[in-house]
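Structural overview for review
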Amino acid sequence: MLGVASLGDWLGLLATSVFAATQVESDAAKGLAFGGVIAVRLLPALVLGPIAGILADRFDRRYTMVICDLLRFVLFASIPLVALLGASGGVTVTWAAVATFLIEAVTLIWIPAKEAAVPNLIPRARLEVSNQLTLITTYGITPVLAAAVLAALDRTVRGISSGEPPAWVEPAQLALYFNSLSRLATALVVFFGIKEISGRGGRPDGPGQSVMKQFVEGWRFIGKTPLVRGLVLGIFGAFAGGGIVIGTARFFTNSLSAGDAAFYLLFGSIFVGLAIGIGLGPMVIRELSRRRWFGMSIVLASASVLLLAAAIHLSMAILGAILVGAGAGMAFLAGTTLLGGEIADEVRGRVFAVVQTGTRIVLMLAISLSSLLVGVGGSRELRIADLGISISSTRLLLLAAGVFGIFAGISAFRQMDDKPGVPVLPDLWGSVRGRPLSVGESFARSGLFVVFEGGEGAGKSTQVNRLAAAVGEQGHEVVVTREPGATDIGVRIRTLLLSDGSGPSAPSPRAEALLYAADRAHHVATVVRPALARGAVVVSDRYVDSSLAYQGAGRTLPVDEVSWLSSWATGGLKPDLVVLLDVDPAVGLARAAGRGTAADRLESESVAFHERVRYAFLDLAAADPKRYLVLDAALPADDIARAVAARVTELLAGHGTDPGDRTRADGETEPVRPPKPPQDDRMSMADNAVEAGR
Ligand SMILES: Nc1ncnc2c1ncn2[C@@H]1O[C@H](COP(=O)(O)OP(=O)(O)OP(=O)(O)O)[C@@H](O)[C@H]1O
Ligand SMILES: Cc1cn([C@H]2C[C@H](O)[C@@H](COP(=O)(O)O)O2)c(=O)[nH]c1=O
């Protein structure tokens, strides 16, 4: 229904402007009448914007919408009726302007009421799809359809009446009647069919509060809430950039030595981009945080304005215009969805009102000022040799708009980011592939986390115990642990993983990866994190790298997926030091066999499997040399122990881990010193993904 009404509105805007222009004779008067109607349509935003939001938050939104639509029904119908009743051209144009002003004023009240009501009617998960449909219908399909319908009406009517049609069947008048009736229909549907719009639970800011207080509170809310501030800033920035592109488009096509057709092509390209952004954007970015998407889209749109500014050929300019549209469309979709989904019902109307008023004003100012500026400065341009590039004021203005937009996008991103610390591009890439990165769990960590990694029989258990003894002698609490099997649940998982023989009883590679991840999740949550939070030195026999090497390289599962799984399991906890004992598989397996116990399921894998595991460990270490200590496992155990102890002692000193602060292993507490500032251990999934990839 709203789609039909939107078609009616576009028809109305075009028809009113055309209608006003046809009522006067001279070209200048026609231009003035046409432009005047559009200007009048935008002006009320200045006056009524602030009040509209308060009405939307103060009164029953259904009644507000119905009354507004009934008023619009009457006003639209009145425009052609005045002419039919025999009023002069001047009176008719004046009434068209007055009625348009009133229609716009009423629309300004209707929109925040409707926008604020929609999120209450649609489940949050469906809000984006609903906004997608609304935006595509309102800005994509209906303006084009409106122009086409108007043209078709004109042809048909002139065809039927073979010449000048009677006044009452003038296409512009028919379109106005259609617009009028579409508003009546909307009023009836909202009144009788969508009673839920009234059903808001509680209105704390309702009539009990003064209008002025509501007004002030609305602005205070916008100013003080980073999400809303970021959204408003970003949307205004995007509209300013868009306005400058529109305002300079004609001069810009001149600077490309392209004609009027190129101007329309560029204009159309922006709309094609809008449709692509709104229609396909969510499909491409999938699980990306909508807050991040919003900021990134503004940056994309603005960077594309820079591309436009630098365009030396029409094809480049068209690409730039499509990208500007795509970025703006995605920002608009993300912005409206965030506004609808994340802002409380009682202030939503005011926020929507500020956005709609602000965007109109920003757009109007940007279009008029930019066209004025390029008009004044257009004559000054610098041509660069034979390249066909002219550095005109148009390009400089586009450049400024692009740079300004990028700043607005980055600033909006910073204010709204819900994944601080998670690197942007890997997050975007991960989301596109369906695996967004998540924010690491934060906890106060004052201990040290040391992990031993390596192939079978490398001597890890031997060295874990040697290190534990050395660190314990220095008076630190040491927690010796391992994967898999450090907890009760872990012991059961270990049995499932290692004891069950081959064939159908053995876990499949993915099940194996999940079982190791499950063991790790429980281990980290119940053993490692609490120990680190206490300030203990945690020494673990194997951790995440074993999964990357064995399940990733060994079983040839995608390493980044295994990495993502482990990062999810650990909440992003990374070791401070990984000691890699590098061993030739033949040597290591022989040592393990020398222990006299039967080979477990993984030890029984082929030498080629263990070779892949070995080189995966070495690759991981090479990618992050600062965090790894790689030692030749063929060295005597004492030499290895000395090298490890030296590195850990160094780390403990640099880490500020002082035995005096620790709770002792026997449970007695040493005298308490002022606590150290907690170390923020937040880490994104990306860190591990990067680790894995290196
Ligand atoms: N540096 C070394 N040189 C020679 N032998 C060693 C060395 N370190 C350990 N060993 C011996 O190798 C065997 C395997 O050692 P250990 O159990 O410590 O290895 P691991 O890496 O923990 O093995 P797994 O991966 O199977 O758990 C043991 O018999 C141990 O005494
Ligand atoms: C943590 C982890 C381990 N594995 C493998 C590596 C070994 O073959 C066994 C563990 O035995 P160990 O005697 O305790 O070293 O499990 C793995 O494949 N993936 C992992 O994440």
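Residues numbered from 1 in each chain as written. Chains lettered and ligands numbered in written order. Predicted model: local features only at pLDDT ≥ 70, side-chain atom pairs only at ≥ 80, totals over all residues. Heavy atoms only, no water.

Under an unreviewed UniProt entry, the name given to the protein is Thymidylate kinase, and the organism recorded is Polymorphospora lycopeni. Recorded under Function (unreviewed entry), the UniProt text for the protein is reproduced unchanged: "Phosphorylation of dTMP to form dTDP in both de novo and salvage pathways of dTTP synthesis." Database annotation for the protein, UniProt heading Catalytic activity (unreviewed entry): "dTMP + ATP = dTDP + ADP". (UniProt positions renumbered as here; feature names shortened; annotations may be inferred.)

Right, let's get into the sheet that holds strand β6 (residues 537–541). Taken together, the five strands give an open sheet; going across it, the order is β5-β6-β4-β7-β8, and neighbouring strands pair in parallel fashion. Looking along the sheet, the strands with just one partner apiece sit at the ends: β5 (478–482) and β8 (628–632). The mean inter-strand angle of the sheet, taken between neighbouring strand axes irrespective of direction, is 20°. In terms of strand pairing, strand β7 (residues 577–582) meets β8 through five bridges, oriented parallel. Along β8, the bridge assignment pairs Val 579 with Leu 629. Each of β4 (448–454), β7 and β8 is contacted by helix α22 (residues 607–623), which is oriented at about 140° to β7, the strand it contacts most. Relative to the sheet, helix α23 (residues 637–655) contacts β4, β6, β7 and β8, its axis offset from that of β8 by approximately 170°. (Pairing = 2+ DSSP bridges. Helix = DSSP H or I, 4+ residues; strand = E, 2+ residues; numbered from the N terminus. Axes fitted to C-alpha atoms, helices over the stretch in contact; angles between N-to-C directions. Contact = heavy atoms within 4.5 Å.)

What follows covers the site of ligand 2. Contacts to ligand 2 come from 13 residues, most closely from Glu 456, Tyr 516, Arg 542, Ser 547 and Gln 551. In this structure, a nitrogen atom belonging to ligand 2 sits 2.8 Å away from a side-chain N or O atom of Gln 551. Starting from 480 Å² of accessible surface for ligand 2 in isolation, the protein chains cover 94%. Counting atoms within 2 Å of the grid points, the majority share of ligand 2 lands in the second largest pocket. Secondary-structure elements contributing two or more residues to the shell around ligand 2 are α17 (488–499), α18 (509–534) and α19 (544–554). Looking at the shell around ligand 2, the element that brings in the most residues is α19, giving four residues. (Near = heavy atom within 4 Å. Polar contact = N/O pair within 3.5 Å; in protein donor to acceptor, adjacent residues only side chain to side chain. Areas by Shrake-Rupley, 256 points an atom, 1.4 Å probe, with all protein chains shown as cover. 1 Å grid on protein atoms, 1.4 Å probe; cavity = no way out; pocket = protein on both sides within 12 Å on 5 of 7 lines; lining within 4 Å. Sits in = over half its atoms within 2 Å of the grid points.)

Take unusual backbone geometry next. Look at the link from Glu 483 to Pro 484: it is a cis peptide, with omega at -10°. Here Pro 484 lies in the loop between β5 and α17. For Thr 556, which is not a glycine, the phi torsion comes out positive at approximately 60°. Positionally, Thr 556 belongs in the loop between α19 and α20 (559–570). In this structure Thr 556 comes out as exposed when scored by relative accessible area, which is 57%. (Buried < 20%, exposed > 50% of the residue type's maximum accessible area, 1.4 Å probe, protein only.)

Our next topic: empty space enclosed by the protein. Applying the stated criterion across every chain yields a total of five cavities of 30 Å³ or more. There is about 100 Å³ of room inside the largest cavity. Lining the largest cavity are 14 residues, with Gly 455, Glu 456, Val 583, His 610 and Arg 614 positioned closest to its centre. Of all the secondary-structure elements, those providing two or more residues to the lining of the largest cavity are β7, α21 (585–594) and α22. Broken down by element, the residue count for the lining of the largest cavity peaks at four residues, all from α22. Of the residues contributing to the lining of the largest cavity, the split by class is eight nonpolar, three polar and three charged. What lines the second largest cavity is Val 245, Ile 246, Thr 248, Ala 249, Phe 252, Leu 266, Phe 267, Ile 270, Leu 308, Ala 321 and Leu 398. Of all the elements in the fold, those that place two or more residues in the lining of the second largest cavity are α9 (226–255) and α10 (260–285). Counting residues per element, the lining of the second largest cavity draws most heavily on α9, at five residues. (Points joined across faces, edges and corners; volume = space filled by probe spheres on them. Nonpolar A, V, L, I, M, F, W, Y, C, P; charged D, E, K, R; others polar.)

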